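Topology and contacts: notes
Spelled out from the first residue to the last, the chains are:
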Amino acid sequence: MLPPHRVLTLTNREELPDRNMTVKIHDFASRLIARIPDRTRDLIEIAAFIYAADRLIKRGETNQVEYENWARELTFCIPVRDFNFWQQAEVSNKLAEALVFVSGDKSYKFHFTSRIGIDPLTGLFHNMDTNPTSSDSNEHYPIALYSGGLDSLAGVVSLLETTSSKVVITSHRSNPSTTQVQKRVYAALSKAYPGRLRYHPLDCNLTHGERASEETQRTRFFLYTSVGFALAQAYSQHELNIFENGITSINLSKRQDLINGRASRTTHPKTLGLLQAVFSSISGQSFVINHPFIHLTKTEVVSLLKQYERPELITATVTCTKTFQKFKNRSGASHCGYCSQCVDRRFAMYAARLEKYDAVYDFDLATEAFPGKDAQTHVVDYIRHAHTFATTHFGEFCNTYLEPLADLTEYCQPDQAEEEVNALHQLYQRHSMAIERAYRRMVATHDSIFKPPKPNSIYEIVNARRFQRDRAECLATDVAQMLSTTLPIALASTVINHENALNNQIQALLRRDQADYEREYPAVRFSFATVVPDHSSTKADADLFIEAKYVRKTMMPSRITDQIAADLMKYPLGAYKLFIVYDPERRIKDDNGFKRDYEQRSNCTICVIR
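Computed from a predicted model, the values in this text were never measured in an experiment.

1. Section: the pattern of salt bridges
Counted by the stated rule, this structure contains 27 salt bridges. The partner of R310 in a salt bridge is E161, with the nearest N and O atoms 4.0 Å apart. Within this pair, whereas R310 is found in the loop between helix 11 (298-307) and helix 12 (340-351), its partner E161 is found in helix 6 (residues 150-162), the two being separated by 149 residues in sequence. The residue R441 makes a salt bridge to E355 at a minimum N-O spacing of 2.9 Å. Of the two residues, R441 sits in helix 16 (residues 417-446) while E355 sits in the loop between helix 12 and helix 13 (373-390), which places them 86 residues apart along the sequence. On the basis of relative accessibility, which here comes to 21%, the residue R441 falls in the partly exposed class. For E355, a relative accessible area of 17% puts it in the buried group.

2. So, the state of the cysteines
In this structure the tally under the stated criterion is 0 disulfides. Of all cysteine sulfurs, the one in C336 lies closest to C320, which takes part in no disulfide; the gap is 3.6 Å. Judged by relative accessible area, which is 2%, C336 ranks as buried.

3. With respect to helix 11
Buried within helix 11 are the following residues: K298, T299, V301, V302, L304 and L305. Contacts made by the buried residues of helix 11 are with helix 6, helix 12 and helix 16. A positive backbone phi angle near 60° is found at E309, which sits one or two residues after helix 11.

4. So, the nonpolar core
Counting 65 residues, the largest nonpolar core has L189, F347 and I458 as the members making the most contacts within it. Within the second largest apolar cluster, 52 residues are counted, among which are I36, A48, A232 and L240.

5. A short note on the packing of helix 11 against helix 12
Packing of helix 11 against helix 12 leaves a shortest axis separation of 8 Å and a crossing angle of 60°. On the basis of the axis angle, helix 11 is oblique to helix 12. Where helix 11 crosses over helix 12, the two elements pack in a sense that is right-handed. When helix 11 is examined against helix 12, the residues K298, T299 and V302 are found in contact with a partner set consisting of D344, R345, A348, M349 and A351. In the contact of helix 11 with helix 12, the residues fall into 4 nonpolar, 1 polar and 3 charged.

6. Looking at the packing of aromatic side chains
With the rule as written, the count across this model stands at 24 aromatic pairs. Centre to centre, the rings of F229 and F279 are 4.7 Å apart; their planes meet at 5°, and the pair counts as stacked. In this pair, F229 sits in helix 8 (residues 220-234) while F279 sits in helix 10 (residues 269-283), placing the two residues 50 residues apart along the sequence. Exposure class is identical for F229 and F279. Each is buried. Where F243 meets F293, the ring centres are 5.2 Å apart and the plane angle is 50°; that geometry is what we call tilted. With F243 in the loop between strand 7 (239-241) and helix 9 (246-250) and F293 in the loop between strand 8 (288-290) and helix 11, the pair connects residues that are 50 residues apart, well separated along the chain.

Cut-offs used in this document
Residues numbered from 1 in each chain as written. Predicted model: local features only at pLDDT ≥ 70, side-chain atom pairs only at ≥ 80, totals over all residues. Heavy atoms only, no water. Salt bridge = Lys/Arg side-chain N within 4 Å of Asp/Glu carboxyl O. Helix = DSSP H or I, 4+ residues; strand = E, 2+ residues; numbered from the N terminus. Buried < 20%, exposed > 50% of the residue type's maximum accessible area, 1.4 Å probe, protein only. Disulfide = S-S within 2.5 Å. Contact = heavy atoms within 4.5 Å. Core = buried A, V, L, I, M, F, W, Y, C linked by side-chain atoms within 4.5 Å. Axes fitted to C-alpha atoms, helices over the stretch in contact; angles between N-to-C directions. Parallel < 35°, antiparallel > 145°, perpendicular 65-115°, else oblique. Left-handed = near helix turned anticlockwise from the far one by under 90°. Nonpolar A, V, L, I, M, F, W, Y, C, P; charged D, E, K, R; others polar. Phe/Tyr/Trp six-rings, centres within 6.5 Å; stacked < 30°, edge-to-face > 60°.

Below is the structure:
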């Protein structure tokens, strides 16, 4: 028996006071209900409740990167119409396997019960209009998921341009902002292609009194595709189209902390393969999820809109992940300009020479200084990712990404696995070339040797080749620069008598600058001894250890040399070390000579401060 604080009850019926979720199934399916089998109605309810639970059950804090902290164990008790089908272990196992992969959670378990009549708590299909909409079951209607984003726009336009039939689209509306965007893009598409679209959106969200505890929303795609599957059945179709560029779908991690629930796997080929198996079991026949953009870069996807002479539709779309925030710099902005999705879109638009059709950004990557550290980090990681693949040959690509590539090739024909991996390597190579092409266009349009350099901008980052350096080295450089400026000021009226007092000052400055630093943590094993750094970064992708050294008036510099050499031996080979050497009496006469040998032979930075 679970304790009460670990039990979450999900309620949808409007008349109940404890309602905590809204699913407007009437708007989606009232004219289609007779064409949706009971088993599929069960599926939509199951998907809706999983989505609501996903948003109401928190994973962990952003600095908790361990699998144990971010992965949840979830058990669902749901009444269903087709109990005999859902109680089969094979069905539950397929469903759980798909959800574990797409969400990054530990486990999903299901206890299904037989619905008696219409359950007042969970029935989403009560009081439905059972008069079906007219539909010729012999006619082919392409069914597509539509988000209001750039990739889905290009996908729907491609279907409209390459078929003569009507195209049926569906979307998931989770908040007023998303709804507004989807309505705007749909209006633009309807104007460009009059009479060609049938649109069936589904509103599913938490009630106004409920605030989401978890915003990763990794199970949203399960709800989204379940709705698409139901729509395909209503129109007697056996396939569903989803549209996202291959780089985003495959999502080879840029950073170590982007794992499990933090790394999106929504349109990953394995996700699609697992969902295909679920939907095929439900329908009793083969059901296919098409992913026509899997081998296209973002630039190539965007270029389709130029090919079909529809670039004017681009400005209606929204790709940003921070639309819930209020933008400060430009009142008409629809994008933040610095989240990973905005950065990807911005580069693609420049690479495709379509930047004049792009949306308004609160921060303009091509012309402005970064508004904060997060913005700079996103851009540096993005360019570093592209640089890595530009310089990675096929064999190295296979060895480095062996595990994620295995997830991909698992859903290929056995004799096509090598061909598929080669295609993916070429995809990432083309992506890297597009990034370089975009940057060159930014420079040609906005930069000049006759203009003063813009500090803290993309041009400064690229010119300094910061993206070619290890992340921990970049962090060490930032910390060293900050302490070189602030530590002398902090110590101007303070007498330091011992190293512990120096570390107290350093800790205060590190904490003021950023919260992701720990004092005397973690303990590192070396042979039979345990080494504890003075400070460390808790960022999973940095792995930075910081040691402070105080050179007293009577101390010989060689003693500090011996201490640093001993510390270098004790830390793991892959760890990056920053040594803060406080030398108020100038006992070290030649700073560069003192640092040179260490920095050349070991992955460390030495910062001498006075």
